[in-house]
Amino acid sequence: KRNVPHDIHDQCQATADWLLSNTQVQPTVGIVCGSGLGGLAEMLKDRQVIKYSDIPNFPQSTVHGHAGQLVFGTLKGKPCVCMQGRFHLYEGYSIQKITLPMRVFKLMGVETMIMTNAAGGLNQDYKVGDVMIIKDHINMPGFAGVSPLTGPNDDRFGVRFPCMSDAYDRELRQLAHDVAAELSYSDFLQEGVYCVLGGPSFETIAECRLLHKLGADAVGMSTVHEVIVARHAGMRCFALSLITNRAVMDYDSQEKANHEEVLEAGRQRAEQLEKLVSTMVARLELN
Ligand code: GMP
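This section reports on the structure supplied with the text. (Residues numbered from 1 in each chain as written. Predicted model: local features only at pLDDT ≥ 70, side-chain atom pairs only at ≥ 80, totals over all residues. Heavy atoms only, no water.)

1. Digging into the overall build of the protein chain
- Scanning the protein chain for helices and strands turns up eight helices and nine strands.
- For the protein chain, the C-alpha radius of gyration of 18 Å lies close to 19 Å, the compact-globule estimate for 287 residues.
- The principal-axis extents of the C-alpha atoms in the protein chain amount to approximately 55 × 40 × 35 Å.
- The long-range share in the protein chain, meaning contacts at least 24 apart out of those at least 6 apart in sequence, stands at 82%. (Helix = DSSP H or I, 4+ residues; strand = E, 2+ residues; numbered from the N terminus. Rg over C-alpha atoms; globule rule 2.2 N^0.38 Å. Contact = heavy atoms within 4.5 Å.)

Right under this line is the structure:
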């Protein structure tokens, strides 16, 4: 039986050390693959795959469309670690547990985090298949005191009150626009505000209308908690939402949100999304 350290920093350090001793890659870029978007991990060269179930202190993926493994390798020459499968609040893990990989990555030497997710489109101009650069978020669980940073602050990771007005790196967002223009992707590229909810039920019509009025362009159940922990630890963050369905805003509508359509939209646009991210990684300037 493994001896699990009580202190979260020690736990993350133990996991980071275990991973570093089990892979040849020392990653500087971390990538989290959203629902149906795990194909990004297949682009890595000299891949080394480690199942979550083999990693000390790691939770397991329970959602269809999330493979449940870390993939190490190089993407366009940059050493990367890729989460093929992420953790969500609705799986029943604590919010600290679902964000633990961010801290592990930080301790392994990751400086830049790239997250993708599947999300419902609230903005009426968005179509299924659009890719939204996240420029800001609305952390609904945070309004209710649900934050991955709740509890005593550990200064070894970051400050008690981290700034979030610069959470989504401006230069990386500009890079995404530039790369998308070069790849002729601009006609399906958007930039907007992502709102996170706890799930797992999809939104009611009234909730969609509310979120839209509040200024959210897309809604989902992930990413924001990871970004908060990554920013707390001083990593640069960039995130993309694939709009997999349109939020239902109208009581006459017969449309119903469902996970199958989410995965299907992912299949349709995955290749272009992967190309966008990998071209961005190729251009990353790492310190
Ligand atoms: O299909 C459900 C999964 O995709 C969840 O993990 C969500 O993060 C995401 N998702 C896709 N579309 C929606 C949506 O319309 N609303 C919400 N809340 N999550 C969505």
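There's more to say after this.
2. A look at the nonpolar core
- Core analysis: the biggest nonpolar cluster contains 44 residues, and L70, M102, M113 and M115 have the highest contact counts within it.
- Those residues in contact with M113, other than ones at most four positions away along the chain, are G30, I31, V32, M102, F105, A230, M235, R236, C237 and F238.
- Counting residues in hydrophobic clusters, the runner-up holds 32 residues, among them C33, L44, C82 and L242. (Core = buried A, V, L, I, M, F, W, Y, C linked by side-chain atoms within 4.5 Å. Buried < 20%, exposed > 50% of the residue type's maximum accessible area, 1.4 Å probe, protein only.)

3. Describing the pattern of salt bridges
- The tally for this structure, following the rule as stated, stands at 10 salt bridges.
- Here R47 ties to E42 by a salt bridge, and the two come within 3.7 Å at their closest N and O atoms.
- Judged by its relative accessible area of 33%, R47 falls in the partly exposed class.
- Overall, the relative accessible area of 48% leaves E42 in the partly exposed class. (Salt bridge = Lys/Arg side-chain N within 4 Å of Asp/Glu carboxyl O.)

4. Some thoughts on the packing of helix 5 (residues 170-182) against helix 8 (residues 259-283)
- One way to put it is that helix 5 packs onto helix 8 with a least axis distance of 10 Å and a crossing angle of 120°. In terms of orientation, helix 5 lies oblique with respect to helix 8. For the pair helix 5 and helix 8, the crossing hand works out as right-handed. Where helix 5 abuts helix 8, its residues L172, L175, A176, V179, A180 and E182 lie against L276, T279, M280 and R283. (Axes fitted to C-alpha atoms, helices over the stretch in contact; angles between N-to-C directions. Parallel < 35°, antiparallel > 145°, perpendicular 65-115°, else oblique. Left-handed = near helix turned anticlockwise from the far one by under 90°.)

5. What about the environment of S278?
- As for its placement among the helices and strands, S278 is situated in helix 8.
- S278 sits 228 residues away from I50 along the chain, and the two C-alpha atoms are 21 Å apart.
- In this structure, S278 is in contact with M43, L75 and K76, ignoring residues within four places of it in sequence.

6. What about the layout of surface pockets?
- Of the pockets and cavities examined, the largest pocket occupies roughly 460 Å³.
- For the largest pocket, the lining is made up of 31 residues, of which F202, E203, M221, N245 and V262 are closest to its centre.
- Elements with a minimum of two residues in the lining of the largest pocket: strand 5 (112-121), helix 6 (205-213), strand 8 (218-220), strand 9 (236-246) and helix 8.
- The element that contributes the greatest number of residues to the lining of the largest pocket is strand 5, accounting for four residues.
- For the lining of the largest pocket, the class distribution of residues is 15 nonpolar, 11 polar and five charged.
- Roughly 200 Å³ of internal volume is contained in the second largest pocket.
- Lining the second largest pocket are 14 residues; nearest its centre among them are I8, R103, T150, P152 and D154.
- Considered class by class, the residues forming the lining of the second largest pocket number five nonpolar, six polar and three charged. (1 Å grid on protein atoms, 1.4 Å probe; cavity = no way out; pocket = protein on both sides within 12 Å on 5 of 7 lines; lining within 4 Å. Points joined across faces, edges and corners; volume = space filled by probe spheres on them. Nonpolar A, V, L, I, M, F, W, Y, C, P; charged D, E, K, R; others polar.)

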